[in-house]
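# Architecture and fold: a report
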2 protein chains.
Amino acid sequence: MVDNRLDATFTALADPTRRGMLAALAEGEKAVSELAAPYRMSLAGAAKHVGVLARAGLIERRKVGRRQLCRIRADRLKDASEWLAQWERFWTTRLDALESALKEDRT
Amino acid sequence: MVDNRLDATFTALADPTRRGMLAALAEGEKAVSELAAPYRMSLAGAAKHVGVLARAGLIERRKVGRRQLCRIRADRLKDASEWLAQWERFWTTRLDALESALKEDRT
DNA sequence: AGGATAGTAAACCATATGGTTGATAATCGA
DNA sequence: TCGATTATCAACCATATGGTTTACTATCCT
């Protein structure tokens, strides 16, 4: 199912630690321990989060020496974004309705 | 935290039943039992999913007679969409890189 | 009034999740 | 070679999640 990928993607995005890690990776490739550093959490714990991101396909890892460099893989993020874009019609019509309601108020 | 809202939103979106319910609500307001109908699941189980969507702020409920009519509240979906839009630069540069790689292949 | 319908609430169960610690492996640097 | 660094793995724990069933309330219909 295509759905399973969205499940994993949204599940991965549902945790602030993991969203923070993605934000950190926006600056460029980072090793697991660098990703872990900002969090009051054991390295093993943080590495689990990295694993969730990797299994969801949101990041790639490559081993360089003893470090495991991670970088963002944009395509899954794009899938999620496109799913959400489906709903754009809703909020735009919502905003349109709000706008005309406001206009009506002023007349 | 603003983050907590994103947590709840993405958690709610991480389940295919709940995404399906949102899709059903795209056609218009629906009662809980109507939302539940497509799923091989007890009404109580489905109602829990509706509760998750409501607590995440993705839907609103209003009681009409003995029915509980639900409709989409677009703003939270929009929040999630905007969070994801942050990453647009990533996949566009990715696609650009892919494109030039393909071009290079052909020369 | 009394039965069917719509929904919630509570108790329960199995499994998933987020975290810990401790052990181990691989690599770097002196 | 030896110690420190980087990371994974396994076992474990508490809590959350997705589902069930049973019981109950509220509303509608005849």
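Scroll up to find the structure.
Here's what I pulled together on the structure shown here. (Residues numbered from 1 in each chain as written. Chains lettered and ligands numbered in written order. Predicted model: local features only at pLDDT ≥ 70, side-chain atom pairs only at ≥ 80, totals over all residues. Heavy atoms only, no water.)

## Focus: the protein's contact with DNA strand D
Taken together, 20 residues form the shell around DNA strand D, and within it S33, R66 and Q68 of chain A together with K48 and H49 of chain B come nearest. Each atom of DNA strand D within 4 Å of the protein was assigned to sugar, phosphate or base; sugar and phosphate come to 63%. Between R18 of chain B and DNA strand D, the recorded distance is 3.1 Å, taken from a side-chain N or O atom to a phosphate oxygen. Between DNA strand D and S42 of chain B, the relevant distance is 2.9 Å, taken from a phosphate oxygen to a side-chain nitrogen or oxygen of the residue. The residue inventory of the surface near DNA strand D, partitioned by class, reads seven nonpolar, six polar and seven charged. (Near = heavy atom within 4 Å. Polar contact = N/O pair within 3.5 Å; in protein donor to acceptor, adjacent residues only side chain to side chain. Nonpolar A, V, L, I, M, F, W, Y, C, P; charged D, E, K, R; others polar.)

## Points about the interface of chain A and chain B
The partner chain B presents 30 residues to the 29 residues of chain A that form the contact. Across the chain A to chain B interface the summed buried area is about 2,600 Å²; carbon plus sulfur atoms make up 71%. In this structure, the salt-bridge partner of D7 of chain B is R19 of chain A, at a minimum N-O distance of 2.7 Å. At the boundary of chain A and chain B, one finds two residue pairs in polar contact (both at pLDDT 80 or more). For the side of chain A that touches chain B, the secondary structure elements donating two or more residues are α1 (2-13), α2 (16-25), α5 (74-85) and α6 (88-106) of chain A. Among the elements that line the side of chain A that touches chain B, the one with the most residues is α5 of chain A, at seven residues. (Contact = heavy atoms within 4.5 Å. Buried area = accessible area lost by both parts, 1.4 Å probe. Salt bridge = Lys/Arg side-chain N within 4 Å of Asp/Glu carboxyl O. Helix = DSSP H or I, 4+ residues; strand = E, 2+ residues; numbered from the N terminus.)

## Here's the deal with the protein's contact with DNA strand C
Taken together, 20 residues surround DNA strand C, and among them S42, K48 and H49 of chain A together with S33 and Q68 of chain B come closest. Looking at DNA strand C alone, sugar and phosphate atoms form 62% of those within 4 Å of the protein. Within the side chain of R66 of chain A, an N or O atom sits 3.2 Å from a base oxygen of DNA strand C. Secondary-structure elements contributing two or more residues to the surface near DNA strand C are α4 (43-55) of chain A together with α3 (32-36), α4 (43-55) and β3 (67-72) of chain B. When residues in the surface near DNA strand C are grouped by element, the largest group, four residues, is from α4 of chain A. Split by residue class, the surface near DNA strand C holds seven nonpolar, six polar and seven charged.

## What to know about the relation of the copies chain A and chain B
For the pair chain A and chain B, the relating rotation is 180°, the translation along its axis is 0.0 Å, and the fit reaches an RMSD of 0.1 Å. Such a turn and shift between the copies fits a two-fold axis. Within chain A, the C-alpha atom positioned nearest to the axis of rotation is that of F10 of chain A, 2.7 Å from it. The overlap is high: 100% of the interface residues of chain A also sit at the interface in chain B, so the same surface is used on both sides. (Least-squares fit on C-alpha atoms with pLDDT ≥ 70 in both.)

## Things to note about the pattern of salt bridges
Close approach of charged atoms allows side chains of opposite charge to pair. Under the criterion given, the structure shown has 15 salt bridges over all chains. Look at the salt bridges and you will find they share partners, linking E29, E60, R62 and R71 of chain B into a network.

## Observations regarding the packing of aromatic side chains
As enumerated under the stated definition, the model contains seven aromatic pairs over all chains in all. Aromatic side chains W87 of chain A and F90 of chain A sit 5.6 Å apart centroid to centroid with 45° between the ring planes, which places their arrangement in the tilted category. The burial state of W87 of chain A is the same as that of F90 of chain A; both residues are buried. Clustering of aromatic rings is evident, with ring pairs tying together F10, W83, W87 and F90 of chain A together with F10, W83, W87 and F90 of chain B. Cation over ring: R89 of chain A sits above F90 of chain A, and NZ or CZ is 5.1 Å from the ring centre. (Phe/Tyr/Trp six-rings, centres within 6.5 Å; stacked < 30°, edge-to-face > 60°. Buried < 20%, exposed > 50% of the residue type's maximum accessible area, 1.4 Å probe, protein only. Lys NZ or Arg CZ within 6 Å of the ring centre and 35° of its normal.)

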